[in-house]
Amino acid sequence: MLGLAAVPALANFAGGLIAEVRPVSDRTLSFALHAAAGIVIAVVGLELMPRALQAPWPWVPMLAFVAGAGLFLGLDALAGYLQARTAARSRGDGQERGASWGVYGGVALDLFSDGILIGTGTVVNPTLGVLLAVGQAPADLPEGFAAAATLRGAGVPRARRLAAGAGFAVPILLGAALGYLALRGAPDAVTLSVLAFTGGALLSVVIEEMVPQAHEANESRWDSLFLVAGFAVFAAVSVYVPAG
């Protein structure tokens, strides 16, 4: 199961390496962030919430969905407060670096949810776990590219960027272990509520971190097209890769 989770983790790291070996313009970064945002929205709308609403009491995962968004907003407010205090005592690039690490945290949260999906999918059906892992790989590559490019644009040293990219393996492996072990014997209502909770947090990440950062990098009439294309890529995987 952990080997399956390593597949999208490697794709994410490969996306970061692409950002390291080629120049990254503001427009390219904006396109990558919009594509990643579209993929995350598709994960929430096509995978997490439809599964979560199959619970015996659908209102429970609905509340968990809102709670996930509320938790992220609380953590984001705390991070903003700490970032403001740090930037006040540092150079002018402190705020830009803080925003870039916010995007990094959003990608890490998305990878954590990918791990939960793979872990719980493996419990339901091993074939489903394989398909989820393979399906997440093309989705995680642009996210790794966007995270690395954002850190690069903020002036984060290369050694730290590479270490951060390798660190993306931690949340997805942790999520997979949690989904497989902790939720294996849990009631369906609990498992599906965890998925909904993660979905609410992910949607907040897109709204509060990814899209604003993309618009700061560059604004283009093509941005929405890349967001929709990212959604369509994951939709195609969801529809045309059979669940077994």
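Calculation notes
- Residues numbered from 1 in each chain as written.
- Predicted model: local features only at pLDDT ≥ 70, side-chain atom pairs only at ≥ 80, totals over all residues.
- Heavy atoms only, no water.
- Helix = DSSP H or I, 4+ residues; strand = E, 2+ residues; numbered from the N terminus.
- Buried < 20%, exposed > 50% of the residue type's maximum accessible area, 1.4 Å probe, protein only.
- Arc of directions from axis to C-beta.
- Axes fitted to C-alpha atoms, helices over the stretch in contact; angles between N-to-C directions.
- Left-handed = near helix turned anticlockwise from the far one by under 90°.
- Contact = heavy atoms within 4.5 Å.
- Nonpolar A, V, L, I, M, F, W, Y, C, P; charged D, E, K, R; others polar.
- Patch = residues over 30% accessible without salt bridge, like charges linked within 9 Å, V, L, I, M, F, W, Y side chains within 5 Å.
- Areas by Shrake-Rupley, 256 points an atom, 1.4 Å probe, with all protein chains shown as cover.
- Salt bridge = Lys/Arg side-chain N within 4 Å of Asp/Glu carboxyl O.
- Phe/Tyr/Trp six-rings, centres within 6.5 Å; stacked < 30°, edge-to-face > 60°.

S.K.: A description of the environment of valine 43 should follow, citing residues and the corresponding values.
M.R.: Residue placement: valine 43 occurs in helix α2 (residues 26-52). Expressed as a C-alpha distance, the spacing of valine 43 and serine 238, which sit 195 residues apart in the sequence, is 9.1 Å.

S.K.: Summarise helix α6 (residues 158-167); cite the residues concerned and give the values.
M.R.: Here α6 has its buried residues at Arg161, Ala164 and Gly165. Down the axis of α6, the buried side of the element spans an arc of 100°, and every buried residue falls inside it. Opposite the buried face of α6, by more than 90 degrees, sit the exposed residues Ala159 and Ala163.

S.K.: Before we move on, could you go through the packing of helix α1 (residues 2-21) against helix α7 (residues 169-182) and cite the residues and values that matter?
M.R.: Running from N to C, α1 and α7 point in directions that differ by 145°, and their axes come no closer than 9 Å. As α1 packs across α7, the resulting crossing turns out to be right-handed. Taken together, the residues of α7 that come into contact with α1 (itself represented by Leu2, Ala5, Ala6, Pro8 and Ala9) are Ala169, Ile172, Leu173, Ala176 and Ala177. Looking at the contact of α1 with α7, its residues break down into ten nonpolar, no polar and no charged.

S.K.: Describe in detail a nonpolar patch on the surface, supporting the description with residues and values.
M.R.: A grouping of Leu53, Trp57, Trp59, Met62 and Leu63 is seen on the molecular surface, where their side chains present a nonpolar patch of about 580 Å² in accessible area. Note on placement: tryptophan 59 falls in helix α3 (residues 59-88). Since its relative accessible area comes to 53%, tryptophan 59 is described here as exposed.

S.K.: So what about the packing of aromatic side chains? Which residues, and what values?
M.R.: Scanning the model with the defined rule gives one aromatic pair in all. Ring centres 4.2 Å apart and planes at 5° place the aromatic pair phenylalanine 31 and phenylalanine 226 in the stacked group. Linking phenylalanine 31 in helix α2 with phenylalanine 226 in helix α9 (residues 223-240), this pair joins segments that are 195 residues apart in sequence. By relative accessible area, phenylalanine 226 is classed as partly exposed at 31%.

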